[in-house]
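What follows is the residue order along each chain.
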Amino acid sequence: MALGLLLVGAAALVVCSRPATERDSAPDSTDPKLDGGSDGSEDGSAEAGDAAAALKAAGPAATLIRVGDARRLSRPLFKRLVTDPDVVVRRKAMVTLAHIGRGEALVPLRTGLTDEDPEVRRLALFGLGQLEASAHPDAVRVISSFLDLDPPTQERRAAVAALGQVGTADSQGIILEALESPEPQLRAAAAIALGVHAMRQRPEAEPPFAELVPRLGDGDPSVRLAAAFAMSRGAPPQPVTAPAVATALENSLRRDEDPEVRVMAGRALARVGVERPALLLASLGRDEDWRVRTMAATALGRSAPPEKVARGIASTWKRIRGDRAALASAELHPLVALLEAAVERPHGALAKALGAVHRQAGARAAEAETPREKLALGHLRCKAALALD
């Protein structure tokens, strides 16, 4: 469950982030009531009146949709929206500002950081992480000042996540400080943010392996998982440091008591670029958790020599072929991953192992006791046939 939440959360951070080039090319609004550089004083009084009229005519929800679709910022309008008595409106205003992502959104987002509602504050932090590149230095200063106020843990986590999205050198320094926090939740958030930060660079940068490696031994499993996740993102380490990083990940894959950490350590190990086919074969054959074995099978199939892949196919098939319960469960996934890799990377050295799966699965299917077992065996036979073709 933790692995799923981690991946979903990280994917949401990445998906919601738009490259600076896309943010800078937002379409122009065709409605002058949705755009304006004034805050409603002096020459901006007419624009403030337009904002009030738009809110009165369409209501806050419809107005926010129109503004978000146009991706243009009306400061007089948002000055009203971010101080609306309805907390739902204020929350939606923060989300819309994050979607717009333009530098002018920084002022109303900063206002959101002083809101009495913690969700508005968290959404404001998220929005600061979505701003275009020209606003990043100011966003870092605003977030850093917010952290100086020692907000609650959940808001500090949101602030650290936003700093990861910003992706500047200054923001990384603040994240590294959070990585040393006594609070496990904040350390985990910092580790994830470091991975996202590395991905945000153009070209992708290395995550700070020297600081992340010790966290693979953290007493909290969520921190270990986050550290392995971060090490699976960004550019791989330089050749001079890659062996040490690979050894740390190898130890996690072999010894960590949490299977989700072992899964992520295996993924990071594949990313590091130091091949460990013997270790992957060992995990494939010995690990008690099918998720770890599936990860090992996937990594083995993608990068190991064909002879090692053939050994993996043979040992995995031997493990499950006489177990009817396994053929109708998630225990099937490691073998399917190896067969799919064999389809993608055909080689003569795989023929013997694939032929055994094809023949024996066909024979077992004729003796299957349930439709589910017969379907599983037919699926394996089909995959083996495709790889042999």
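Residues numbered from 1 in each chain as written. Predicted model: local features only at pLDDT ≥ 70, side-chain atom pairs only at ≥ 80, totals over all residues. Heavy atoms only, no water.

Draft legend 1. Structural detail: the overall build of the protein chain. When helices and strands are counted, the protein chain shows 23 helices and 0 strands. Taken across its 389 residues, the protein chain has 51% of its residues classed as buried. In the protein chain, the proportion of contacts linking residues at least 24 apart, taken out of those at least 6 apart, comes to 70%. Accessible area for the protein chain stands at about 17,900 Å²; split by element, carbon and sulfur atoms hold 55% of it. (Helix = DSSP H or I, 4+ residues; strand = E, 2+ residues; numbered from the N terminus. Buried < 20%, exposed > 50% of the residue type's maximum accessible area, 1.4 Å probe, protein only. Contact = heavy atoms within 4.5 Å. Areas by Shrake-Rupley, 256 points an atom, 1.4 Å probe, with all protein chains shown as cover.)

Draft legend 2. How the structure looks around the side chain of Ser181. Position of Ser181 among the secondary structure elements: in the loop between helix H11 (169-179) and helix H12 (184-200). Here Glu183 takes part through its backbone nitrogen, which lies 3.0 Å from a polar atom of the side chain of Ser181. Non-local contacts of Ser181, meaning those with residues more than four positions away in its chain, are made with Leu186 and Arg187. (Polar contact = N/O pair within 3.5 Å; in protein donor to acceptor, adjacent residues only side chain to side chain.)

Draft legend 3. Broad picture of the environment of Gly378. As for its position among the elements, Gly378 is in helix H23 (residues 371-388). The spacing of Gly378 and Ala366 is 12 residues in sequence and 10.0 Å in space, taken between C-alpha atoms.

Draft legend 4. Focus on unusual backbone geometry. Of note in the backbone geometry, Asp150 takes a positive phi value of approximately 55° without being a glycine. Mapped onto the secondary structure, Asp150 falls in the loop between helix H9 (136-148) and helix H10 (153-166). What makes Asp150 exposed here is its relative accessible area of 57%.

Draft legend 5. The arrangement of the pattern of salt bridges in detail. For the coordinates displayed, the defined rule picks out 21 salt bridges. Its salt-bridge partner being Arg291, residue Asp289 comes within 2.9 Å of it at the nearest N-O pair. Given the relative accessible area of 27%, Arg291 is considered partly exposed. Among the charged side chains, a salt-bridge network with shared partners connects Glu180, Arg187, Arg215 and Asp218. (Salt bridge = Lys/Arg side-chain N within 4 Å of Asp/Glu carboxyl O.)

Draft legend 6. Broad picture of the packing of helix H15 (residues 242-255) against helix H16 (residues 259-272). For the pair H15 and H16, interaxial distance at closest approach is 8 Å and the crossing angle is 160°. As far as their axial angle goes, H16 and H15 are roughly antiparallel. In this structure, the crossing between H15 and H16 has a hand that is left-handed. Across the interface between the two elements, Ala242, Val245, Ala246, Leu249, Ser252 and Leu253 of H15 pack against Arg262, Ala265, Gly266, Ala268, Leu269 and Val272 of H16. (Axes fitted to C-alpha atoms, helices over the stretch in contact; angles between N-to-C directions. Parallel < 35°, antiparallel > 145°, perpendicular 65-115°, else oblique. Left-handed = near helix turned anticlockwise from the far one by under 90°.)

Draft legend 7. Up close: the confidence of the model for the protein chain. Considering every residue of the protein chain, the mean pLDDT works out to 86; 85% of them sit at 70 or more. A low-confidence stretch, residues 11-44 stays under pLDDT 50, and its non-local contacts, those more than four residues away or across chains, total 67 contacts. (pLDDT = per-residue confidence, 0-100.)

Draft legend 8. Geometry of the nonpolar core. Formed by 107 residues in total, the largest nonpolar core has its most connected members in Phe78, Leu128, Leu249, Ile313, Trp317 and Leu380. With sequence-adjacent residues up to four places away left out, Ile313 is seen in contact with Leu335, Leu338, Leu339, Ala342, Ala353, Leu354 and Val357. (Core = buried A, V, L, I, M, F, W, Y, C linked by side-chain atoms within 4.5 Å.)

Draft legend 9. Structural view of helix H4 (residues 60-70). Considered for burial, the residues of H4 that qualify are Thr63, Leu64, Val67, Gly68 and Ala70. The buried residues of H4 all sit within an arc of 165° when viewed along its axis, so they share a single face. Opposite its buried face, H4 presents the exposed residues Ile65 and Asp69, each directed more than 90 degrees away. A positive backbone phi angle near 55° is found at Arg71, which sits one or two residues after H4. (Arc of directions from axis to C-beta.)

Draft legend 10. The arrangement of helix H17 (residues 277-286) in detail. Buried within H17 we find Pro277, Leu279, Leu280, Leu281, Ser283 and Leu284. Each element contacted by the buried residues of H17 is listed here: H15, H16, helix H18 (290-303), helix H19 (306-320) and helix H21 (333-344).

Draft legend 11. Summary view of the packing of H10 against H12. Packing of H10 against H12 brings their axes to within 7 Å, and their N-to-C directions diverge by 15°. Put simply, H10 runs roughly parallel to H12. Of the two possible hands of crossing, H10 and H12 adopt the one that is right-handed. Facing Thr153, Gln154, Arg156, Arg157, Val160, Ala161, Leu163, Gly164 and Gln165 of H10, the residues of H12 in contact are Gln185, Leu186, Ala189, Ala190, Ala193, Val196, His197 and Arg200. Of the residues assigned to the contact of H10 with H12, the class counts are 8 nonpolar, 6 polar and 3 charged. (Nonpolar A, V, L, I, M, F, W, Y, C, P; charged D, E, K, R; others polar.)

Draft legend 12. Structural context of the side chain of Glu250. Along the polypeptide, Glu250 turns up in helix H15. A relative accessible area of 12% means that Glu250 is categorised as buried.

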